[in-house]
Number of protein chains: 2
Amino acid sequence: MTAKHIPYKIYLSEEEMPKAWYNVKAHMKTQHPPFLNPATQKPCTRDDLAAVFCDACIEQELNETDERIAIPQGILDFYRMFRPSPLVRAYYLEQLLDTPAEIYYKFEGNNTSGSHKLNSAAAQAFYAKEQGLTSITTETGAGQWGTALAMAAAFYGLHLDVYMVKVSAEQKPYRREVIRTYGANVIPSPSDTTAAGRKILREFPGTGGSLGCAISEAVEKAVSTPGCRYVLGSVLDHVLLHQSVIGLESKAALEKHGLRPDIVIGCMGGGSNFGGLIAPFMGEKLDGKNEIDFIGVEPASCPSLTRGKYVYDFCDSAKITPLAKMYTLGCGFMPSASHAGGLRYHGMSPVISQLYHDGFLRAVALEQTRVFDAAVKFAKCEGILPAPESAHAICAAMDEALRCKREGKKKVILFGLTGTGYFDLAAYKQYNDHTMTDTIPTDADLEKGFASIPDFPVNQGLL
Amino acid sequence: MTAKHIPYKIYLSEEEMPKAWYNVKAHMKTQHPPFLNPATQKPCTRDDLAAVFCDACIEQELNETDERIAIPQGILDFYRMFRPSPLVRAYYLEQLLDTPAEIYYKFEGNNTSGSHKLNSAAAQAFYAKEQGLTSITTETGAGQWGTALAMAAAFYGLHLDVYMVKVSAEQKPYRREVIRTYGANVIPSPSDTTAAGRKILREFPGTGGSLGCAISEAVEKAVSTPGCRYVLGSVLDHVLLHQSVIGLESKAALEKHGLRPDIVIGCMGGGSNFGGLIAPFMGEKLDGKNEIDFIGVEPASCPSLTRGKYVYDFCDSAKITPLAKMYTLGCGFMPSASHAGGLRYHGMSPVISQLYHDGFLRAVALEQTRVFDAAVKFAKCEGILPAPESAHAICAAMDEALRCKREGKKKVILFGLTGTGYFDLAAYKQYNDHTMTDTIPTDADLEKGFASIPDFPVNQGLL
C-alpha cells in the first residue's frame, strides 16, 4: 500500500459540511455545576437567563443529553458564505522544523471578521431574529467579536449596539470602522447611554473603560430595551457548541485521508475556540475510544488554567453576571497589557474547566516573545500572518513537533489557527522593533486577584 | 434534465490547478508595438532590459507565440499555499438585486497580501532566485504589492528593498509593518540611499515623495547593486501572464458546472488583474469562438482608457523607464486623491491597450461614491469587505445585473474580486461619515496631463 498524497489544503464540499453541532456534554460523565444566581446562590432558572439571552441559546446551554443538535437551514445559509474553512497540511513548517511529525491546522481566518467568532455570531443572530427580536447588544474589546456580530446582524437584519471599550475604540479606530461599515452602532464605553455607564463616568471621569464595564452596559441596555437580548462571544456552553463546527470539519477532513490526530492544540481565552476544536475528538476520548493528548494554550500573563483556582466566580469584573464554576484568577484580576487581547480573560469556560479538572486535557502557558517568534517564523514559511492569540497554538504545536523530532516519533498534530493578525500590527511593530516584553504575574499578583473571588458559602469549602 | 445545484463556492482540487500560464498574445493578430529605449527611440533590446529585469521575465515579456508557458514546480509549490482561490456564486447579491442574471466572482483576497498581486510576486521572486540573484528591489504606494513581494522574497530567501512612498509609509504604518514582518527592508522614499532620492531631497526638502520617485530609486538601486534586479507589479506583459492563473482557474471552475460567462468584468489600474482574468476567455474570442462582453472598470478620477490617448509614453512620472505604446493620461498626469490607490496609474497595460484599440473589450469609468455604495451593499450581503479597487468591478457587475433585470435576460456574469479592504478603513470611515467626494478631471486637467507625453517623432503622427 502506497502512502496517499495529502494535498496542501483539504476542503470539504458543501454537502460534506456538518449539518448538526456536536454537544460534548452528552459524553461527559461529570457535568460542570450549574450557573448560580448571585442574589440567591441557587442555580439560575430558565427565567433568570431568559431576560438576558435568546430562548434557543438557553435551551442549548442547558442541554446535557443530545450529542447532535441540528443546525437550522438559516444558519447553514450563512455558514456557506465562509465555511468550510480549509484544513491545511503545514508542509513548509514541517520542513523548517525538520520534524517527523505531520502538522495540520484548521484555518478560521478567511472571513472578514478575521476569526472563528463568526461561527457563533451567525447562530446567535439567527436565533434572535427567529425569536422575533429586533435588536441585540454586545461588548467588544479588541473588536473581533464585535466585527463578527456586526456581520451577522447585517445579514439577518437586526439592529446591533456594540459597547466597545473606549480605549480600544480610540486605539483601534479601524476595527471600529469595520463594525460601523456593517451598520452596527458603536458606543465607546463607558457611555452616558446607561445607568452603569453614567455611574462609572461620575466616579472615574476620563476613564478608558474596561471589558467589565462594557458588559454591564450591554446587559443593561438589553434587559431595558423591548425586543432586545444580550449576546456573548465565548465562555458559555452554547458558544462552545456553535464552535464545534471547527472540530467536526477538521475531523471529517482528516478522516477523508484516513488520518487521526495524536495531539490537538488550541489557544484559550474564554475557551470557545479550543472547546469547539476538540469537541468531537473529546467525545470519543470520554467514551474510551482514543487517547488524544489535548493541549490548551494560554498566555503566561493570564494563566487561568495553569495557575488559577477551580471555584465559583463572576463572569465579569463588574460582578453583575451569574456565578460560574470555573478555573479563575479572580474576577478582579487585571492581566498585564499583552497583545493577545482575546486571551486576557480571568476565567475559563465551565466545560473546559470541568474536563481539565477531570484530567482529560492539559494546559500550557507561554510567554509573549516566544509566541511572536513562532508567529513570524510561521508567517514566513506558511504565508499566513497569525493573530497573536492564534500564535499561542502555533508555538505549542512547534514545541510538540520538535519533541517528536527528539523522540523520533511520527505523530499527527492538529492545531487551530483561529484568525489573522491584520489588525494587530502595532503588536508586530513592537516585536520588529525589539521592544516587546514579557510580563508574568507574581504569586502576590495572583493573590490579589484571588481576593476578588466572592466569599459565598458555596466557595468556602473549596478555597 | 434537471438544473444542477451550483455550490456557493467552487474550489478546484490541487490536481486541477493550472500547470501553465496562458499567453493571450499568441492569439492576437495585432501585437502591441515594442517598448522603445527613450535614448534611441528604437525598440528595447534584451540587453536594455536585462540590466533591470530578470532574464526569465524578459523571455516571457517578448514571447508572442506560445499560448501556454509552463509554471515551474517551484512556483506551483508557492501557489498551493494560497491557491486555488474560490469562485463564488453571489447568491445573496443576486437576491438583493432580484436579477435573473447569475453572478460569479473570483476572490483573490484570501491571502495575507490581501490581493491577486501575490500571483506575480511569487513568479518573479522565484525567477530571481533561480537566476542566482541575491536581492530584488521594488516600489510600493498603497502597499499591497510591497506586501506580496515581501512574502515571496521571504519564501524564496531573497533580500528585498521596498521603496515606499514616504507619505504612504507614514499614513499606513501597519502596511509598512506587515512588509517588515516578512523581513523586507522598507525605505521611505525619497531617501538618501540613492542619487535620485538625494537629488529630490535637495530640490524639495520635506516632500512626501511620489510613486515616480520611488520607481527611480528602486531601479537605480537594482542596476547599481551586484546580483540585484528590479521587479514590477503590473503593466508589463509578463505580469499579465502570471495573473492568467486567475482566468484559467475561473474558466475551469465554471466549466466544471457547464457554465460559460456572457460578461467578464474587472477593475483596471495597470491592467494586470483584468488582463489575467480575461486572458483565456479573450484568447477564444480572438479566435472567433465566443462573443463575451469584456468590461474593464476604471475610476472616473483616472480614466486612462475612457479619456486617454493611445501613444508612446513613459511608464513612470520620472521619465526614466522605457516608452510603452499605451492608453495614457500623460506620465505627468496627477490624479486627484482617491481611495483606490491601486487604480491611480496614468497609463494602461500595452496588451489591454491594444485589445481595447482593436475593439475587443470596452471600458467604463465609475465615480467613487457610487463605488463605495456598491462596496458596502456587497459587504453586508456577501460578507466580504472589498478593497476600493475591487469595488469598481462589483459596482459594474451590479449595473450589468440590473440591466439584465430590466431586459429580462438571464446572463452569466463573472467578475474579479481582487482583494480585501482591511487596510482601507480610512476610506470606509470617510464613506460612513458622509464626507467622501468625487473628483473628476476637467478637460483642462486632462490637457495638462497630455502635455507631459513626450514629443518624440514616434508620437508626432499620432497625437
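Everything that follows concerns the structure shown earlier in this document.
Conventions adopted
- Residues numbered from 1 in each chain as written.
- Chains lettered and ligands numbered in written order.
- Predicted model: local features only at pLDDT ≥ 70, side-chain atom pairs only at ≥ 80, totals over all residues.
- Heavy atoms only, no water.
- Helix = DSSP H or I, 4+ residues; strand = E, 2+ residues; numbered from the N terminus.
- Rg over C-alpha atoms; globule rule 2.2 N^0.38 Å.
- Buried < 20%, exposed > 50% of the residue type's maximum accessible area, 1.4 Å probe, protein only.
- Contact = heavy atoms within 4.5 Å.
- Areas by Shrake-Rupley, 256 points an atom, 1.4 Å probe, with all protein chains shown as cover.
- Lys, Arg positive; Asp, Glu negative; His and termini not counted.
- Charge placed at Lys NZ, Arg CZ, Asp CG, Glu CD.
- 1 Å grid on protein atoms, 1.4 Å probe; cavity = no way out; pocket = protein on both sides within 12 Å on 5 of 7 lines; lining within 4 Å.
- Points joined across faces, edges and corners; volume = space filled by probe spheres on them.
- Axes fitted to C-alpha atoms, helices over the stretch in contact; angles between N-to-C directions.
- Parallel < 35°, antiparallel > 145°, perpendicular 65-115°, else oblique.
- Nonpolar A, V, L, I, M, F, W, Y, C, P; charged D, E, K, R; others polar.
- Least-squares fit on C-alpha atoms with pLDDT ≥ 70 in both.
- Pairing = 2+ DSSP bridges.
- Polar contact = N/O pair within 3.5 Å; in protein donor to acceptor, adjacent residues only side chain to side chain.
- Buried area = accessible area lost by both parts, 1.4 Å probe.
- Salt bridge = Lys/Arg side-chain N within 4 Å of Asp/Glu carboxyl O.
- Disulfide = S-S within 2.5 Å.

Broken down by element type, chain A carries 19 helices and 17 strands. On C-alpha atoms alone, chain A measures out to a radius of gyration of 21 Å, which is about the 23 Å that the 2.2 N^0.38 rule sets for 463 residues. Principal axes of the C-alpha set define a box for chain A whose edges measure 70 × 50 × 50 Å. Looking at chain A as a whole, 64% of its 463 residues qualify as buried. A sequence separation of at least 24 residues applies to 77% of the contacts in chain A between residues at least 6 apart. Summed over all atoms, the accessible surface of chain A reaches about 16200 Å², with 53% contributed by carbon and sulfur. Here chain A carries 46 positive and 51 negative side-chain charges, and the mean point of each set is 2 Å from the other.

A separate point is the layout of surface pockets. By volume, the second largest pocket amounts to about 630 Å³. Elements represented by at least two residues in the lining of the second largest pocket include exactly β1 (9–10) of chain A together with β1 (9–10) of chain B.

With that out of the way, let us pick up the packing of helix α15 (residues 368–382) of chain B against helix α16 (residues 388–407) of chain B. Residue and element names in this part refer to chain B. Packing of α15 against α16 leaves a shortest axis separation of 8 Å and a crossing angle of 85°. Relative to α16, the element α15 lies roughly perpendicular. Contacts between α15 and α16 pair R370, V371, F372, A374, A375, K377 and F378 from the former with P388, A391, H392, I394, C395, M398 and D399 from the latter. Tallied by class, the residues present in the contact of α15 with α16 amount to 10 nonpolar, 1 polar and 3 charged.

Moving on to the relation of the copies chain A and chain B. Once turned by 180° and shifted 0.0 Å along the axis, chain A lies on chain B with an RMSD of 0.0 Å. Both copies are brought into coincidence by an operation consistent with a two-fold rotation axis. Relative to the rotation axis, the C-alpha of A:N110 is the closest in chain A, positioned 3.0 Å from it. Of all interface residues in chain A, 100% are interface residues in chain B too; the two copies therefore contact each other through one and the same surface.

A separate point is the sheet that holds strand β10 (residues 185–189) of chain A. Residue and element names in this part refer to chain A. If you walk across this open sheet you meet the 4 strands as β10-β9-β8-β11, and the pairing is parallel. Either end of the sheet is taken by a strand with one partner, and the two such strands are β10 and β11 (228–230). Within the sheet, the average angular offset between the axes of one strand and its neighbour, ignoring direction, is 25°. Bridge count between strand β8 (residues 135–140) and β11: 3 bridges; the pairing is parallel.

Attention shifts here to empty space enclosed by the protein. This structure, assessed with the given rule, holds 9 cavities of 30 Å³ or more. Counted as a void, the largest cavity has a volume near 540 Å³. A:F107, A:N110, B:F107, B:N110 and B:N111 are the residues nearest the centre of the largest cavity, which is lined by 44 residues in total. Those elements that provide at least two residues to the lining of the largest cavity are α3 (73–82) and β7 (102–107) of chain A together with α3 (73–82) and β7 (102–107) of chain B.

So, on to the side chain of A:S191. Residues and elements named next belong to chain A. Among the structural elements, S191 can be located in the loop between β10 and α9 (195–203). Reaching out from S191, the side chain makes a polar contact with the side chain of T193 at a distance of 2.7 Å. A polar side-chain atom of S191 sits 2.8 Å from a polar atom in the side chain of E217. Ignoring any residue separated from it by four or fewer positions in sequence, one finds S191 in contact with Y163, G197, R198, L201 and E217.

Before going further, it helps to spend a moment on the sheet that holds strand β17 (residues 412–417) of chain A. Residues and elements named next belong to chain A. One open sheet accounts for 7 strands, arranged β1-β6-β7-β17-β12-β13-β16; its pairing is mixed. Since the sheet does not close on itself, it has two edges, and those belong to β1 and β16 (362–366), each with one partner. Two elements, β7 and β17, share 6 bridges in a ladder whose sense is parallel. Counterpart to F107 in the pairing with β17 is L417. In the packing of helix α11 (residues 237–256) onto the sheet, the strands contacted are β1, β6 (87–89), β7 and β17, and the crossing angle to β7 comes to about 140°.

Residue and element names in this part refer to chain B. As for its placement among the helices and strands, N273 is situated in helix α12 (residues 272–286). Sequence separation of N273 and W21 is 252 residues, and the distance between their C-alpha atoms is 14 Å. Ignoring sequence-local partners within four residues, the contact set of N273 consists of H116, I246, G266, C267 and T418.

Residues and elements named next belong to chain A. Within the secondary structure, S234 is located in the loop between β11 and α11. On the basis of relative accessible area, S234 is assigned to the buried category, the value being 11%. Within the structure, S234 has its side chain in polar contact with the backbone nitrogen of S272 (distance 3.4 Å). For S234, the residues in contact, after removing those within four places along its chain, are K117, V239, G270, G271 and S272.

The interface is formed by 45 residues belonging to chain A together with 45 residues belonging to chain B. Taken over both partners, the interface formed by chain A and chain B buries close to 4000 Å², and the fraction arising from carbon and sulfur atoms is 56%. Joining chain A to chain B, the criterion identifies 2 salt bridges. Note that B:R180 and A:D433 form a salt bridge whose closest N and O atoms lie 2.9 Å from each other. Joining chain A to chain B, the criterion identifies 26 residue pairs in polar contact (both at pLDDT 80 or more). Counting only elements with at least two residues in the side of chain A that touches chain B, the list comes to α3, α4 (91–97), α6 (144–156), α8 (173–181), α15 (368–382) and α17 (425–432) of chain A. Per-class residue counts for the side of chain A that touches chain B are 25 nonpolar, 8 polar and 12 charged.

On to the pattern of salt bridges. Summed over the entire model, instances satisfying the criterion amount to 52 salt bridges over all chains. A salt bridge links A:E255 to A:K251, with the shortest nitrogen-to-oxygen separation between them at 3.0 Å. Placement of both A:E255 and A:K251 in helix α11 is noted, with a separation of 4 residues, approximately one turn of the helix. A relative accessible area of 40% places A:E255 in the partly exposed class. Judged by its relative accessible area of 14%, A:K251 falls in the buried class. Linking B:R46 and B:E59 is a salt bridge whose minimum nitrogen-to-oxygen distance equals 2.8 Å. Taken together, the residues span a long stretch of sequence, with B:R46 in helix α1 (residues 46–50) and B:E59 in helix α2 (residues 55–62) at a distance of 13 residues.

A few words now on the packing of α15(B) against helix α17 (residues 425–432) of chain B. Residues and elements named next belong to chain B. It is the contact of α15 with α17, at a shortest axis distance of 11 Å, that shows an interaxial angle of 100°. In terms of their interaxial angle, α15 and α17 are classed as roughly perpendicular. Seen from α15, the contacting residues are T369, F372, D373, A375 and V376; seen from α17, they are A427, Y428 and Y431. Across the contact of α15 with α17, the residue classes tally to 6 nonpolar, 1 polar and 1 charged.

The next subject is unusual backbone geometry. A:P84 follows A:R83 through a cis peptide bond whose omega is -5°. Within the secondary structure, A:P84 is located in the loop between α3 and β6. For the peptide bond that leads from B:S189 to B:P190, omega is 5°, which places it in the cis range. For B:P190, the position within the fold is in the loop between β10 (185–189) and α9 (195–203). The phi angle at B:Q41 is positive, at roughly 55°, despite the residue not being glycine. Secondary-structure assignment places B:Q41 in the loop between β3 (36–37) and β4 (42–43). The phi angle at B:D98 is positive, at roughly 50°, despite the residue not being glycine. Of note, B:D98 is situated in the loop between α4 (91–97) and β7. The class for B:D98 is exposed, based on a relative accessible area of 53%.

For the rest of this paragraph, the subject is the state of the cysteines. Residue and element names in this part refer to chain A. Under the definition given, this model contains 0 disulfides over all chains. Distance from the sulfur of C213, which forms no disulfide, to the nearest cysteine sulfur (C331) is 15 Å. Free cysteine: C315, not disulfide-bonded; nearest cysteine sulfur from C44 at 9.2 Å.

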